[in-house]
Amino acid sequence: MCCLIYAMAYWSVRSPHWLVHRTGYYSDAGKGLCVYGHAISQGDFGVPMLAPLPATMQGAAAIFLWPAAQVELVYWYLTIPQGSVANLSG
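Conventions we followed
Residues numbered from 1 in each chain as written. Predicted model: local features only at pLDDT ≥ 70, side-chain atom pairs only at ≥ 80, totals over all residues. Heavy atoms only, no water. Helix = DSSP H or I, 4+ residues; strand = E, 2+ residues; numbered from the N terminus. Expected span 1.5 Å × (residues − 1). Buried < 20%, exposed > 50% of the residue type's maximum accessible area, 1.4 Å probe, protein only. Arc of directions from axis to C-beta. Contact = heavy atoms within 4.5 Å. Polar contact = N/O pair within 3.5 Å; in protein donor to acceptor, adjacent residues only side chain to side chain.

Student: Explain helix 2 (residues 52-64) to me, please; I cannot follow it from the model alone.
Tutor: One full turn of an α-helix is made of 3.6 residues, so residues set three or four places apart face in the same direction. Its 13 residues give helix 2 an end-to-end C-alpha distance of 18 Å, which sits within 8% of 18 Å, the value for a rise of 1.5 Å per residue. Every buried residue belonging to helix 2 is among Gln58, Gly59, Ala61 and Ala62, and all of these are buried. Down the axis of helix 2, the sector holding all buried residues measures 160 degrees, keeping them to one side. The outward face of helix 2, more than 90 degrees from its buried face, is lined by the exposed residues Pro52, Leu53, Thr56, Ile63 and Phe64. Residues of helix 2 that are buried in the fold lie against helix 1 (2-14), strand 1 (19-28), strand 2 (32-42) and helix 3 (66-79).

Student: It is not clear to me how the side chain of serine 84 should be interpreted in this structure. Could you clarify?
Tutor: With respect to the element layout, serine 84 can be found in the segment after helix 3. For serine 84, the side chain forms a polar contact with the main-chain oxygen of proline 81, separated by 2.8 Å. If we ignore the near neighbours within four places in the chain, the residues touching serine 84 are Leu33, Cys34 and Val35.

Honestly, that's just the spatial picture; any functional story needs more than this.
Now the structure itself:
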């Protein structure tokens, strides 16, 4: 039951983009853009001073949900590994 609640908490912060999946790319001659790496980081909601409570909650969620973010990163590295050619069409 605890795992289900934890998974729902992770989904609830990923859905409104409190935490986002970011992909880095590099250019390889002849191939185009290739995947450099993946990251799960806090979304950009603007200046934290203008919204201190949401910024604090977002930071706390990033710390508390760090293990779930690592599981998601494993998923991304398995499905789109480093060095694969980037498909930016969709």
